[in-house]
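Architecture at a glance
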Amino acid sequence: MGAPREPETEALAFGSLIHTTFEAVTNQNLNDDVAVKLFLSELDRYGLPVEVSQKLRERGPGDLMVALNEFREILHQGKAEVNFGPEKISIEGVPVTGKIDHLIVDEAKKTIEIYDFKTAQYQKDDWHKSTKLYKYMLQLLFYKLLLIFLKSLM
C-alpha cells in the first residue's frame, strides 16, 4: 500500500517525468530526440489540467535537453532507479524502501558513485548555508550508509 502520496503538482509531475526519462535513457540507451518524445508521451498520460500540461509541454523539452547535455556521460553508464525495497531492510522495525536515482559501480576502483537528481530550482548557496541543500546532503549520506550496510550483507 505505502504512504499517502502528495497531490500531483506541476513540480512533482516535472520531476517524475525527468526521472522516468533518465531511467529510459540509461536502460534503453535512448538518444536525445527519442528521450524528448518519451517525455512528451509520458506527459500525455498524466492527465494534468490543460494549463499545467501546456506549461510542461512548452518548458519540458528545453529543460530536458539541458539536463541530458549535463548528465549524458553519467546516464549512459551505471544503473538507473535502483530499488532497495526488495532487500527487506528495516531500522528498529521501520522498513527502509525507495530508489536511488543512479549508481555507477567501478569494480576495479572499488567505488560506487551515487546520483540523486533534483529538478527543483537551482540553489546557488553552499549546502551548509541552505536548509534544503543540507537535507539533500543528509539524504546522500543515508544512501551511502545504506550501501555500506547492503555490502556487509553480501
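Owing to the predicted nature of the structure, the values given are computational and were not obtained by experimental measurement.

**Digging into helix α2 (residues 32–45)**
Within an α-helix, residues lying three or four positions from one another point in the same direction, as the helix has 3.6 residues per turn. A rise of 1.5 Å per residue sets the reference length of α2, with its 14 residues, at 20 Å; its end C-alpha atoms lie 20 Å apart and thus fit the reference within 8%. Turning to α2, its buried residues are Asp32, Ala35, Val36, Phe39, Glu42 and Leu43. Here the buried residues of α2 occupy an arc of 130° about the axis, which is enough to place them on one side. Among the exposed residues of α2, those pointing more than 90 degrees away from its buried face are Asp33, Lys37, Asp44 and Arg45. Where α2 is buried, its residues contact α1 (10–28) and α3 (50–75). For α2, the N-terminal capping position is held by Asn31, with its side-chain oxygen 3.1 Å away from the main-chain nitrogen of Asp33. Just downstream of α2 lies Gly47, where phi reads positive at about 65°.

**Section: the pairing of strand β4 (residues 99–106)**
Here strand β1 (residues 79–83) pairs with β4 via four bridges, running antiparallel. Note on β4: the bridge partner recorded for Lys79 is Leu103. Of the strand pairs in this sheet, β4 and strand β5 (residues 111–115) are connected by five bridges, and their pairing is antiparallel. Directly across from Val105, in β5, lies its bridge partner Ile112. Counting the residues between successive antiparallel strands, the hairpin from β4 to β5 contains four residues, one of them, Lys110, with a positive phi of roughly 55°.

**What about the nonpolar core?**
Formed by 23 residues in total, the largest nonpolar core has its most connected members in Phe22, Leu56, Leu64 and Leu68. Of all the secondary structure elements, the ones that give two or more residues to this core are α1, α2 and α3. With eight residues, the next largest nonpolar core counts Phe84, Val96, Leu103 and Leu147 among its residues.

**Structural notes on the packing of α2 against α3**
Interaxial distance between α2 and α3 falls to 10 Å at its minimum, and their mutual angle equals 145°. The chirality of how α2 crosses α3 is right-handed. Facing α2, whose interface residues are Asp32, Ala35, Val36, Phe39, Leu40, Leu43 and Asp44, α3 presents Ser53, Leu56, Arg57, Gly60, Pro61, Leu64, Met65, Leu68, Asn69 and Arg72. Partitioning the contact of α2 with α3 into residue classes produces 10 nonpolar, three polar and four charged.

**Brief notes about the confidence of the model for the protein chain**
Within the protein chain, residue pLDDT values average 85, and 87% of them lie at 70 or more. The secondary structure element of the protein chain with the lowest average pLDDT is strand β2 (residues 89–91), at 76, and the one with the highest is α2, at 96.

**Focus on the pattern of salt bridges**
Under the counting rule described, the total for this entry stands at seven salt bridges. Linking Arg45 and Glu42 is a salt bridge whose minimum nitrogen-to-oxygen distance equals 3.6 Å. Of the two residues, Arg45 and Glu42 are both situated in helix α2; the distance of three residues between them amounts to about one turn of the helix. The class for Glu42 is buried, based on a relative accessible area of 16%. Residues Arg57 and Asp44 are paired through a salt bridge, measuring 2.2 Å at the closest nitrogen-oxygen approach. On the criterion of sequence distance, the pair formed by Arg57 in helix α3 and Asp44 in helix α2 is long-range, its members being 13 residues apart. Assessed through its relative accessible area of 29%, Arg57 is described here as partly exposed.

Analysis parameters
- Residues numbered from 1 in each chain as written.
- Predicted model: local features only at pLDDT ≥ 70, side-chain atom pairs only at ≥ 80, totals over all residues.
- Heavy atoms only, no water.
- Helix = DSSP H or I, 4+ residues; strand = E, 2+ residues; numbered from the N terminus.
- Expected span 1.5 Å × (residues − 1).
- Buried < 20%, exposed > 50% of the residue type's maximum accessible area, 1.4 Å probe, protein only.
- Arc of directions from axis to C-beta.
- Contact = heavy atoms within 4.5 Å.
- Polar contact = N/O pair within 3.5 Å; in protein donor to acceptor, adjacent residues only side chain to side chain.
- Pairing = 2+ DSSP bridges.
- Core = buried A, V, L, I, M, F, W, Y, C linked by side-chain atoms within 4.5 Å.
- Axes fitted to C-alpha atoms, helices over the stretch in contact; angles between N-to-C directions.
- Left-handed = near helix turned anticlockwise from the far one by under 90°.
- Nonpolar A, V, L, I, M, F, W, Y, C, P; charged D, E, K, R; others polar.
- pLDDT = per-residue confidence, 0-100.
- Salt bridge = Lys/Arg side-chain N within 4 Å of Asp/Glu carboxyl O.

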